[in-house]
Amino acid sequence: MRRVGVVGGGQMGAGIAEVCARAGLDTVVCETDMIAAHAARDRVTGSLERAVRRGRLTREAADDALARLVFTADLADLADRQLVVEAVVENPDAKTEVFATLDKIVEDPEAVLATNTSSLPIMRLGMATSRADRVVGLHFFNPVPVLPLVEVVSSLHTSPGTVTAVREFVTGTLGKTVVHSQDRAGFVVNALLVPYLLAAVRMAESGFATAADIDTGMELGCAHPMGPLRLADLIGLDTVAAIAESLYEEFREPLYAPPPLLQRMVQAGLLGRKTGRGFHRYDQG
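Residues numbered from 1 in each chain as written. Predicted model: local features only at pLDDT ≥ 70, side-chain atom pairs only at ≥ 80, totals over all residues. Heavy atoms only, no water.

J.: How would you explain the overall build of the protein if you had to name every residue and give the values?
T.: A tally of helices and strands in the protein yields 11 helices and 8 strands. Taking 19 Å as the expected radius of gyration for a compact globule of 285 residues, we find that the protein reaches 19 Å, a close match to that expectation. Projected onto the principal axes, the alpha-carbon positions of the protein cover approximately 55 × 45 × 35 Å. Split into buried and exposed, the 285 residues of the protein put 49% on the buried side. The contacts of the protein with a sequence gap of at least 6 include a subset with a gap of at least 24, amounting to 67%. Of the roughly 13,100 Å² of accessible surface on the protein, a fraction of 54% belongs to carbon and sulfur atoms. Within the protein, one finds 28 positive and 35 negative side-chain charges whose respective centroids are separated by 4 Å. (Helix = DSSP H or I, 4+ residues; strand = E, 2+ residues; numbered from the N terminus. Rg over C-alpha atoms; globule rule 2.2 N^0.38 Å. Buried < 20%, exposed > 50% of the residue type's maximum accessible area, 1.4 Å probe, protein only. Contact = heavy atoms within 4.5 Å. Areas by Shrake-Rupley, 256 points an atom, 1.4 Å probe, with all protein chains shown as cover. Lys, Arg positive; Asp, Glu negative; His and termini not counted. Charge placed at Lys NZ, Arg CZ, Asp CG, Glu CD.)

Next comes the structure, spelled out in structure tokens:
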């Protein structure tokens with residue numbers, strides 16, 4: 001897999017594209033229009049510049065990575081890709097539409113179609129195509145260039161050969177660590193993480209403790225690098241709510257149900273770092 005496509009150039013899609021380009025891969029990023037495509041390029045450029053400033057990447061390596069990236073608004077530009085990773089909004093209808101379209105566009109029948117979904121069934125996305133055996137979950141973590149883990153998720157239709165090829169790509173080409181999960185809502189990490197985040201939201205909602213004290217307690221009392229509410233803000237409260245809804249729909253356990261405060265914050269557009277305000281406030285300058 002030397003020719004990679006990424007559908008969606010937001011925080012996650014841009015990060016996936018960056019790590020692929022840094023690994024020497026020919027990478028095409030597709031967005032909804034050219035304005036969004038230019039924004040995606042700026043997002044990747046900014047991340048590469050930060051890596052150079054912090055000494056994690058040489059100037060030459062950053063320039064080479066950027067030169068391997070193409071940004072487009074036409075899904076047809078992904079026709080020759082050997083791997084396409086979907087990273088659009090966490091909405092089942094939107095993702096299903098992308099997979100149905102990619103199935104018609106991507107020419108190589110052996111190409112892998114992957115989704116970066118945090119919680120949606122891989123089976124549903126695979127069944128939107130004529131190649132469900134070549135559809136797999138590739139769940140990266142934010143920030144993608146920094147965090148070393150990828151969850152590989154196989155549906156009942158995903159072939160063992162697809163899983164092996166993807167695992168070798170992630171470990172050998174991208175240099176990341178893989179954990180494998182069956183096709184269950186939340187997979188491994190979010191099935192454990194999200195109930196913890198929701199418990200912190202409920203604690204703040206009840207007035208038991210402030211957001212600052214909840215986060216400080218877990219950071220200094222449990223040696224967590226980031227408190228649960230700051231982490232929820234980083235993930236995006238809309239994404240946390242979407243994952244919680246998927247978990248609750250599948251398991252019907254009360255601990256997975258999104259608390260009213262979280263739902264109200266999403267409705268109000270208070271989504272965390274990306275909007276400048278969530279459980280904490282952030283400088284958008």
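J.: Could you give an account of the side chain of Thr72, with specific residues and numbers?
T.: If you trace the backbone, Thr72 turns up in strand 3 (residues 69-72). Overall, the relative accessible area of 7% leaves Thr72 in the buried class. Here the side chain of Thr72 touches Asp74 through a polar contact of 3.1 Å, landing on its backbone nitrogen. With near-sequence residues (within four places) excluded, Thr72 lies in contact with Val28, Val29, Cys30, Glu31, Met34, Ala37 and Asp77. (Polar contact = N/O pair within 3.5 Å; in protein donor to acceptor, adjacent residues only side chain to side chain.)

J.: So, the sheet that holds strand 8 (residues 177-182): which residues are in play, and what are the values?
T.: Pairing is mixed in the open sheet, where 8 strands are placed in the order 3-2-1-4-5-6-7-8. On the outer flanks of this sheet lie strand 3 and strand 8, each paired with one strand and no other. Along the sheet, successive strands turn relative to each other by an average axial angle of 25°, direction set aside. Inspection of the sheet shows strand 1 (residues 3-7) paired to strand 2 (residues 26-30) by 5 bridges, in the parallel sense. Paired with Arg3 across the bridge in strand 2 is Asp26. (Pairing = 2+ DSSP bridges. Axes fitted to C-alpha atoms, helices over the stretch in contact; angles between N-to-C directions.)

J.: Tell me what's going on with the nonpolar core, and back it up with residues and numbers.
T.: In this structure, Ile16, Leu69, Leu138, Phe140 and Phe169 are the most contacted members of the largest nonpolar core, which totals 39 residues. Those residues in contact with Phe140, other than ones at most four positions away along the chain, are Met12, Ile16, Asn116, Leu149, Val150, Leu174 and Lys176. Grouped together as the second largest cluster of nonpolar side chains are 22 residues, Ile214, Leu229, Ile243 and Tyr256 included. (Core = buried A, V, L, I, M, F, W, Y, C linked by side-chain atoms within 4.5 Å.)

J.: Run through helix 10 (residues 237-251), naming residues and quoting values.
T.: Side chains three or four residues apart in an α-helix point the same way, a direct result of the helix having 3.6 residues per turn. For helix 10, spanning 15 residues, the distance from its first C-alpha to its last is 21 Å, which sits close to the expected 21 Å at 1.5 Å a residue. Considering only its buried residues, helix 10 is in contact with helix 7 (189-206), helix 9 (228-235) and helix 11 (260-267). Arg252 occupies a position one or two residues after helix 10 and carries a positive phi of about 55°. (Expected span 1.5 Å × (residues − 1).)

J.: Mind laying out the packing of aromatic side chains, listing which residues take part and the relevant values?
T.: Using the criterion set out here, one finds 1 aromatic pair in the structure. Ring geometry for Phe251 and Tyr256: centres 5.6 Å apart, planes at 35°, overall tilted. The class for Phe251 is partly exposed, based on a relative accessible area of 34%. Taking the relative accessible area as the measure of exposure, Tyr256 reaches 12% and is therefore buried. (Phe/Tyr/Trp six-rings, centres within 6.5 Å; stacked < 30°, edge-to-face > 60°.)

J.: For a positive patch on the surface, give the residues involved together with the corresponding values.
T.: On the surface, a cluster of positive charge is contributed by Arg50, Arg53, Arg54 and Arg56. With respect to the helices and strands, Arg56 occurs in the loop between helix 2 (34-53) and helix 3 (59-67). (Patch = residues over 30% accessible without salt bridge, like charges linked within 9 Å, V, L, I, M, F, W, Y side chains within 5 Å. Salt bridge = Lys/Arg side-chain N within 4 Å of Asp/Glu carboxyl O.)

J.: Pulling in residues and values, what's your account of the side chain of Asn190?
T.: With respect to the helices and strands, Asn190 occurs in helix 7. With residues up to four places along the chain from it excluded, the contact list for Asn190 reads Ser118, His139, Pro195, Ile243 and Leu247.

J.: If you had to explain the environment of Met218 to someone new, which residues and values would you point to?
T.: If you trace the backbone, Met218 turns up in helix 8 (residues 211-221). The spacing of Met218 and Gly24 is 194 residues in sequence and 39 Å in space, taken between C-alpha atoms. Not counting chain neighbours up to four residues away, the residues in contact with Met218 comprise Tyr196, Ala223, His224 and Pro228.

J.: Let's hear about helix 6 (residues 160-173): which residues, and what values?
T.: The end-to-end C-alpha distance of helix 6 is 19 Å, a good match for the 20 Å that 14 residues give at a rise of 1.5 Å each. Listed as buried for helix 6 are Thr162, Val163, Val166, Phe169 and Val170. Projected down its long axis, helix 6 carries its buried residues within an arc of 130°, all on one side. Exposed side chains of helix 6 directed beyond 90 degrees from the buried face belong to Pro160, Glu168 and Gly172. In the stretch just after helix 6, Gly175 is the one whose phi turns positive, near 70°. (Arc of directions from axis to C-beta.)

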